[in-house]
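Summary of the model geometry
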Amino acid sequence: MSSATIRRAFLDHVFYTQGKLPGHASGNDLYQALAHTVRDRLVQRWISTAEAYQSQPSRTVAYLSAEFLMGPHLGNNLVNLGIVEAVRGAMATLNLDLDHILAQEEEPGLGNGGLGRLAACFMDSLATLEIPALGYGIRYEYGIFHQSIIDGMQVESTDTWLRNGNPWEIQRSEWAVEVRLGGHTEHYTDDRGRYRVRWVPAKTVVGVPFDSPILGYRVNTVNTLRLWRAEATEAFDFHTFNRGDYLGAVNKKVTSENLTKVLYPNDETQQGKELRLEQQYFFVACSLQDMLRLLATQGLPVTRFHEKFTVQLNDTHPAVGIAELMRLLIDDHGLAWDEAWHITRRAFAYTNHTLLPEALEQWPLPLFQRILPRHLEIIYEINARFLDEVRIRFYGDESRLARLSLISEHGERHVRMAHLACVGSHTINGVAELHSRLMREDVLKDLYEMWPEKFTSITNGVTPRRWLALANPRLTRLVSEAIGDGWIKDLGQIRALEPYADDPSFRERWQAVRRENKQDLARLVRDATGVVVDPNSMFDVMVKRIHEYKRQHLAVLHIIALYHRIKSDPHADVQPRTFLFAGKAAPGYHYAKLMIRFVTSVAGVVNRDPQVRDRLKVVFLPNFNVTHGQKIYPAADLSEQISLAGKEASGTGNMKFAMNGAITIGTMDGANIELRDAIGADNFFPFGLNASEVYALKAAGYHPSTYYDSSPELRAVVDLIQHGFFSKGDAAVFRPLFDGLLQHDPYLLMADFASYLHCQQQVSAAYGDPERWQRMSVLSSARSGQFSSDRAIEQYCKRVWHAQAVPVCLLHRSSGQVQGARRAEADGIGTFSERCGGSGS
Ligand SMILES: *Cc1c(COP(=O)(O)O)cnc(C)c1O
């Protein structure tokens, strides 16, 4: 595609779509026009993909996820189309800067963090590997809240990502479906003498799908991300309206639309909120109806559902889908229980994402009954049959029955969604080796003992398109000059970079690239916070959701220790560092918010102290999101992955850092273990207790105060906090923090402190030897190939989904006349001629 073509199309969109003369176009106008220009280039592939899937007996992956943290679309589509430079050139002829236009996009932040971002990486890899796939989720009107920092504290505001319109989505009103909620069930015998159940709902809402194209890298495949929005069944309730209650009628509409209004901002805790369960059921019910519709358009009977679709549950949020498919097959399609169960169990697979008990979803029975009365009956029946099986397998083991039941009887009764997901799935996977082992030995032990053959492990991955090619164009250029650009599609090839670690001139260029990235980030930090940071200092970075188990406060204790060293001895040997933190805290998670205040308070003192501020800088960059991540990961020297061992399921931030050449300091937790094995123990800084040691220490009785008593440095650090040194003398501010650390310390900061500080000392020494550091940095990238989400998706395809690639032939609209095309389409005559192979554009 030539620069001139792009320029023409772009100007047309400024004029016809935005209704502006180029000279009057706002930043948003320019973005919208370019987005439409690019979307036009996707549509032909999108239609061709749909045709290919429709006409071939392929199996489709339905990826069900309550969150998709996609990040901005425009840049990624340019990369995958291979037209970044052509578009940059076209914009330059108009005196426009492509990067400035890209920065206008409001990212769709429809996720909290790792789990939603994983879904996004998987969508990219599925399309790149040409696997037929549909991502199903919720079109939240407000995504994850916007975070600002005021007086050092997090302040939330709504994320109005749709306010300028979303040029990527297409509303598909013709495929809207109805979803029922609440009410009661009626049992009766039908005219053929069969026992039947009728669900009489209290209300019905409409689900309208909004489709966004998901383009693979340099392929014709464009899969669909289908997000559902809730609407009222009718814009006006005419019955109420005719009674003269106009506002009452409108109110009904408002109430229905509340369903998809906002993403719940909780990460790693489960709240049991009614609207949340309604959201989960809503999108799952919409998606399953949509799959049944697609099945019907291919002329396939419902009994072949599991052959056509493989349904992946991204955590338990969509697990109610198991009961919903049973309901659809039995109540709506008249199948017998056993046949319905056979189909359901062959369709579903479940990915577990957490080892934290407080994150395991459980719904209070009365709430579940109120919203999904029919589903509760079905769950009772699944449970009764399941427990019969358990009784026979584990004869006389009554306590096992209670542990395995889908209904927990501890205090108030709850529905255990993880148990439902396991019982109704053919495959259950963890997201890193350690996580999968602990899942088998601990969280899901009883379910594992029931069906060991169902369990597997697939380590998470991230897409090298967004996280290298798009986020780090300088490094991408350097790597491709050295080893070609095959690695973008097959990240294993990046290993060819290994010998360059010993090439001084390559290392020099590597360092130059990383330095430019650091300068870019320094500018972003200055613009966002006013803090000036020195790109010559080590960028020591911890960005992720704020959570006790992730231990941002451990990193702060390290900063305070360095501060204390400098203050006690101005000549102390302390490597200059810039500590960068970013991440959101769940609005109701007070301790996490206090951790943010802890970072910003220490930053306030350190950055103002003339004796220290040229050696240590501490920054909290507000509103961490994908857009910021794309600037941060490529500019980090040190990646902080310091969760308490046994708590982080996998982590994916760790992989993004490593690919971009950051060195990791980390605990033996989640995928850190595999990361260290892959990039070599010499190029990784491990510290702290491992998962078994954590377990043993807790079992033996953990006394955090003994560490405080026996370590003068730790004591000095904690005392500074305790005396209010970082809170203007107000000792009360951080009392919950240090009380927690000295009395219970559930995340073992005291136990890991010495090891962490010692390890950081070694990090400093390594950074002081630039040759060694750059060598490690090159090797870190070179050996990160296995952490591509392409590898993860290949494993899911082989082991879980049994799905195969369907290459897409580009259909060609033979006549350029839209009129003719429309008429022919209505006649069922293809107006597209086929052009197979090649990536074309
Ligand atoms: C990768 C990513 C995460 C996950 O980070 P972890 O370090 O694995 O917790 C969270 N949020 C965003 C925006 C990300 O890009």
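Residues numbered from 1 in each chain as written. Predicted model: local features only at pLDDT ≥ 70, side-chain atom pairs only at ≥ 80, totals over all residues. Heavy atoms only, no water.

As annotated in an unreviewed UniProt entry, the chain is Alpha-1,4 glucan phosphorylase from Cupriavidus campinensis. As recorded by UniProt, the Cofactor (unreviewed entry) comment attached to the chain reads in full: "pyridoxal 5'-phosphate". Per UniProt, the comment on the chain under Sequence similarities (unreviewed entry) is "Belongs to the glycogen phosphorylase family." (UniProt positions renumbered as here; feature names shortened; annotations may be inferred.)

A look at the domain arrangement of the chain
By the assigned domains, the chain splits into domain 1 (1-55 + 73-106), domain 2 (56-72 + 107-457), domain 3 (471-696 + 751-784) and domain 4 (795-835). Put simply, the middle of domain 1 and the middle of domain 2, counted by C-alpha atoms, are 34 Å apart. Taken together, the contact pairs 25 residues of domain 1 with 36 residues of domain 2. Together, the buried faces of domain 1 and domain 2 total about 2,800 Å²; carbon and sulfur atoms form 52% of this surface. (Domains from an automatic or database assignment. Contact = heavy atoms within 4.5 Å. Buried area = accessible area lost by both parts, 1.4 Å probe.)

A look at helix 22 (residues 552-568)
Over its 17 residues, helix 22 runs 25 Å from end to end, which matches the ideal 24 Å to within 8%, given 1.5 Å per residue. Buried residues dominate helix 22, accounting for 13 of its 17 residues. (Helix = DSSP H or I, 4+ residues; strand = E, 2+ residues; numbered from the N terminus. Expected span 1.5 Å × (residues − 1). Buried < 20%, exposed > 50% of the residue type's maximum accessible area, 1.4 Å probe, protein only.)

Points about the pairing of strand 11 (residues 203-215)
The buried count for strand 11 comes to 11 of 13 residues, which makes it a mostly enclosed element. One ladder, built from 2 bridges, connects strand 7 (residues 170-171) with strand 11; its direction is antiparallel. Paired with Ile 170 across the bridge in strand 11 is Asp 211. Here strand 8 (residues 177-181) pairs with strand 11 via 5 bridges, running antiparallel. Across the sheet, Val 179 pairs through a bridge with Val 205, a residue of strand 11. Note that strand 11 and strand 12 (residues 222-232) share 11 bridges and pair antiparallel. Note that in strand 12 the partner of Asp 211 across the bridge is Arg 226. Between the antiparallel neighbours strand 11 and strand 12 lie 6 residues, among them Arg 218 with a positive phi of about 50°. (Pairing = 2+ DSSP bridges.)

Observations regarding the sheet that holds strand 15 (residues 362-364)
Ordered in space as 15-17-16, the 3 strands form an open sheet in which the pairing is antiparallel. Single-partner strands in this sheet number two, and they are strand 15 and strand 16 (407-408).

As for the packing of aromatic side chains
Under the counting rule described, the total for this entry stands at 21 aromatic pairs. Seen in terms of ring centroids, Tyr 63 and Phe 122 are 5.9 Å apart; in terms of plane orientation they differ by 80°. Their pairing is edge-to-face. Here Tyr 63, found in strand 1 (residues 60-64), pairs with Phe 122, found in helix 6 (residues 114-128); they are 59 residues apart in sequence, far enough to count as distant. Just as Tyr 63 is buried, Phe 122 falls in that class too. With a centroid separation of 6.3 Å and an interplanar angle of 65°, the aromatic rings of Tyr 563 and Phe 726 are classed as edge-to-face. Placement of Tyr 563 in helix 22 and of Phe 726 in the loop between helix 29 (712-722) and helix 30 (735-743) is noted, with a sequence separation of 163 residues between them. (Phe/Tyr/Trp six-rings, centres within 6.5 Å; stacked < 30°, edge-to-face > 60°.)

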